[in-house]
Protein chains: 2
Amino acid sequence: MHDQVKLPVFNDIAAAADRIKGHAVRTPLLNSAYLDDITGCRVFLKPECLQRTGSFKFRGAFNTISSMTDDERKNGVIAVSSGNHAQGVADAARVHGISATIIMPADAPKTKIDRTKRLGAQVILYDRANEDREAIAAEHCRKTGAAFIHPFNDPRVIAGQGTAGLEACQDIVARGKTLEEVLVPAGGGGLASGTALSVSHHFPGVAVHTCEPEGFDDYRRSLASGRVEENPVEGGSVCDAILTPRPGEIGFAINSRLAGEGFAVTDEQALQATAFAFRELKLVVEPGGAVALASLLKYRDRLAGKTVLLVLSGGNMDPEMLQRAADLPEIR
Amino acid sequence: MHDQVKLPVFNDIAAAADRIKGHAVRTPLLNSAYLDDITGCRVFLKPECLQRTGSFKFRGAFNTISSMTDDERKNGVIAVSSGNHAQGVADAARVHGISATIIMPADAPKTKIDRTKRLGAQVILYDRANEDREAIAAEHCRKTGAAFIHPFNDPRVIAGQGTAGLEACQDIVARGKTLEEVLVPAGGGGLASGTALSVSHHFPGVAVHTCEPEGFDDYRRSLASGRVEENPVEGGSVCDAILTPRPGEIGFAINSRLAGEGFAVTDEQALQATAFAFRELKLVVEPGGAVALASLLKYRDRLAGKTVLLVLSGGNMDPEMLQRAADLPEIR
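Residues numbered from 1 in each chain as written. Chains lettered and ligands numbered in written order. Predicted model: local features only at pLDDT ≥ 70, side-chain atom pairs only at ≥ 80, totals over all residues. Heavy atoms only, no water.

A.B. asks: Can you help me understand the sheet that holds strand 5 (residues 147–148) of chain B in this one?
C.D. replies: Strands in a sheet are paired, the pairing made by backbone hydrogen bonds, and the direction either parallel or antiparallel. Residues and elements named next belong to chain B. The sheet built from four strands is open, its strands ordered 4-3-2-5 with parallel pairing. The sheet is open, and its two borders are formed by strand 4 (122–126) and strand 5, each paired with just one other strand. With five bridges connecting them, strand 3 (residues 100–105) and strand 4 associate as parallel partners. Among the inter-strand pairings, Ile102 is bridged to a residue of strand 4, identified as Val123. Helix-sheet contacts for helix 5 (residues 84–96) involve strand 2 (77–80) and strand 3, and the interaxial angle to strand 3 is about 165°. (Pairing = 2+ DSSP bridges. Helix = DSSP H or I, 4+ residues; strand = E, 2+ residues; numbered from the N terminus. Contact = heavy atoms within 4.5 Å. Axes fitted to C-alpha atoms, helices over the stretch in contact; angles between N-to-C directions.)

This is the structure we're talking about:
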C-alpha cells in the first residue's frame with residue numbers, strides 16, 4: 001500500500017496539531033519522583049488516558065475528518081473497532097456535526113458499546129464467528145457513501161496520533177531537557193510511527209521502542225526481520241487495545257527507518273504496570289496502554305541513567321480489570 | 001490561636017511557590033468535555049492526586065520545612081497523621097535530608113504505613129483507644145527537639161497548600177479565561193484557606209466553597225454561624241482524608257472572610273464521584289479528595305453556566321475502595 005500512498009512527514013504532524021487545537025486535550029507531560037527513583041531514569045510521562053474519550057485515538061480521528069473535504073465527509077464516517085478507535089471516531093464526528101457508524105463485535109465490552117453510543121454514533125453489532133466485519137463495512141460504505149477511517153493505516157491518522165509525541169517533544173524542549181529513549185505501545189503502529197516522526201524531528205537519532213504483549217509482538221519481530229510479520233493468533237491477551245494481526249504498512253515504512261528495537265512484556269507485567277499506575281501515578285491506564293511502562297520497569301537495568309519519554313496510551317477499562325491487576329504481586 | 005499568629009497573606013503563597021519550585025509537581029490544569037457537557041459548566045480540574053505522595057500535602061510540608069532555620073529543623077520534624085499529611089511530611093523531610101517521625105494509629109491502612117516508611121520516616125504506632133497521640137508527639141518533641149508540623153493550623157502550611165490554587169489561577173489567566181466558582185475539599189481547612197487567598201488575589205470577589213461529607217460538615221456549619229463549630233463524632237466516613245473535629249483557627253479566620261457557602265455530600269455521592277473520576281477522567285481520586293467533584297455533580301443545576309475551578313485533592317486509596325465505588329449506581 002505504501003507504494004501508492006504518500007508517507008506522512010513531520011509537517012503533516014505540525015498541520016494536524018493546528019487542526020486539533022482547541023478540540024483535543026493538550027495532555028500534560030508528567031514526572032514521578034518515585035518512578036525516577038526506582039528506575040534510575042529521568043522519565044517523562046505522556047498520559048493519553050487523559051485525552052478525550054480516554055485514549056490518543058481522538059487525535060487521529062479528528063485530524064482525518066478535519067482533512068476531508070465537505071464532500072468527502074458529507075455522508076458521515078465509518079470505522080471498525082471494538083474500543084478506543086470507536087470512541088475517538090464517534091467523538092470526532094460529533095464535533096464535526098457528521099454521522100458516525102461503528103462496526104463493533106457483539107461481544108465487545110458493554111461499557112465500550114454504551115460509550116460509543118453515548119457519543120452519538122450508530123453502532124452495528126456483528127457476530128465475530130459468522131460475519132465478516134470488513135464486508136459489513138464495505139457494504140455500508142457503498143450504500144451510504146460514508147468515508148471509512150482506518151484505525152492506523154492512513155497518513156492522516158498517523159499524522160494525528162503523532163501530535164501526542166509532538167507536544168511531548170515541545171514540552172521537553174521548553175524545560176531545557178533532552179531525550180534519549182522513547183517507549184510507545186504499538187498495535188498497528190499508528191501512534192508509534194507518528195511519535196517516531198515527531199521525535200526524530202526534535203531529537204535526531206533518538207529511537208522509538210515499540211512495546212507489545214508477548215505472543216502479539218508482531219512489531220518487534222517485523223523490526224528485527226525488516227519485513228511485515230504476522231501474529232500467530234488474533235486474540236487472548238488482556239491488552240485488547242493493541243492486538244492487531246500485523247503492523248500497518250504505512251507506519252512500518254516509517255518505523256523500519258526510525259524505530260529501535262521492539263520490547264515485549266507478559267500480560268502479567270502489563271497488568272502489574274496498570275496497578276503501578278493506579279498506586280503510584282494515580283492514573284487509570286488499561287493494560288494495553290501500560291505496556292510501555294511495563295517495558296521500562298522490566299528493562300530498567302538496561303535503561304538506567306537515561307532520559308525516557310513514555311506514552312501511556314489509554315485508560316478505558318472496567319474496575320474489574322484494575323482489581324485483577326491489583327491482586328498480582330506489587331511491582332516496585 | 002489566631003490572635004497570636006500572623007495570618008498568612010497572598011505574598012506568603014507567592015514565596016511558598018518559589019520555595020517548592022523544582023520539588024513539588026506543578027500539577028496540570030485539566031478539562032473534561034464530558035464533565036462540561038453533563039454539568040453545563042466550564043470546569044477546570046486541579047488534580048492534586050498527581051502531586052508527589054498522591055496529595056497536595058507535600059506542598060505545605062515542604063514549604064514549612066523550607067521556611068525553618070537550620071537550627072529549627074536540625075533535630076528533624078514530627079507529625080501526627082494516618083495518611084496524606086504523613087507521606088507529605090516524610091517526603092519533604094527526605095528531600096531536606098532531615099529525619100521525620102510520624103505518629104500513626106496502629107489501625108491505619110497498612111499501605112499508608114508502608115508508604116510512609118518507604119519515604120524514610122520513622123513511624124511510631126499508637127493505640128487509638130488507650131493512648132493520646134498529642135501526648136506522644138509532645139513527649140517525642142521534648143526528648144528529641146524535633147519540630148512539630150501541624151496538618152493545617154500553621155501559616156506556613158496554609159501558604160504551601162495555597163500554591164495549588166495559585167498555579168490554577170495563573171493557568172486560567174494564561175488561557176484568557178475567568179473564574180466564577182471554586183470548589184475545594186475541606187478537612188481542617190488548610191487547602192481551602194490557601195486556595196481562598198490565591199483566588200481572591202487573582203479574581204476578587206470569587207468565593208471558595210468548602211466541600212465535606214455530611215455529618216462531618218463542621219466547616220459548612222462554621223461558615224454559616226460565623227464561629228468554629230465541632231463535629232458530633234470523629235470517624236465513620238469513607239472520606240478519611242478530610243475528617244477533622246473542627247476547622248483550624250487560622251484557616252477559619254481567612255475563610256470566614258473569603259469563603260462562600262459550604263457544600264456537603266453523602267458518602268455514597270463521594271464514592272460515586274470517585275467512580276466517575278475513574279471512568280470519565282481516568283484519574284485516581286480517593287473519596288475525601290472527590291467531595292468537590294461530588295458537590296459539582298450534586299449541585300450542577302445551581303452551578304450550570306458557570307466557570308468552575310475544582311480541586312481533586314488526593315488519590316491515596318486501595319483498589320478495594322475503588323471497587324466499592326464502582327459497585328454503586330453510575331452517576332452521569
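From this point, the discussion proceeds with the structure in view.
A.B. asks: I keep staring at the domain arrangement of chain A and nothing clicks. Help me out?
C.D. replies: A common way to express how large an interface is: the accessible area buried when the components associate. All names here are of chain A. Looking at the assigned domains, one finds that chain A contains domain 1 (10–55 + 154–326) and domain 2 (58–148). Relative placement of domain 1 and domain 2: their C-alpha centres are 24 Å apart. Counting from both sides, the interface comprises 27 residues of domain 1 and, opposite them, 18 residues of domain 2. Interface area, domain 1 with domain 2, both sides summed: about 1,800 Å², of which 49% is carbon and sulfur. Applying the counting criterion to the domain 1 and domain 2 interface returns four salt bridges. Its salt-bridge partner being Arg59, residue Glu48 comes within 2.7 Å of it at the nearest N-O pair. Elements that contribute at least two residues to the side of domain 1 that touches domain 2 include exactly helix 1 (10–20) and helix 8 (155–174). (Domains from an automatic or database assignment. Buried area = accessible area lost by both parts, 1.4 Å probe. Salt bridge = Lys/Arg side-chain N within 4 Å of Asp/Glu carboxyl O.)

A.B. asks: It is not clear to me how the interface of chain B and chain A should be interpreted in this structure. Could you clarify?
C.D. replies: Counting residues at the interface gives 32 residues for chain B, matched by 32 residues for chain A. Summing the contributions of chain B and of chain A, the shared interface buries around 2,600 Å²; its carbon and sulfur component is 57%. Linking chain B with chain A are eight salt bridges, by the criterion used here. A salt bridge links Glu280(B) to Arg115(A), with the nearest nitrogen and oxygen atoms 2.6 Å apart. On inspection of chain B and its partner chain A, the count reaches 16 residue pairs in polar contact (both at pLDDT 80 or more). Looking at the side of chain B that touches chain A element by element, the count peaks at five residues for helix 15 (residues 319–326) of chain B. (Polar contact = N/O pair within 3.5 Å; in protein donor to acceptor, adjacent residues only side chain to side chain.)

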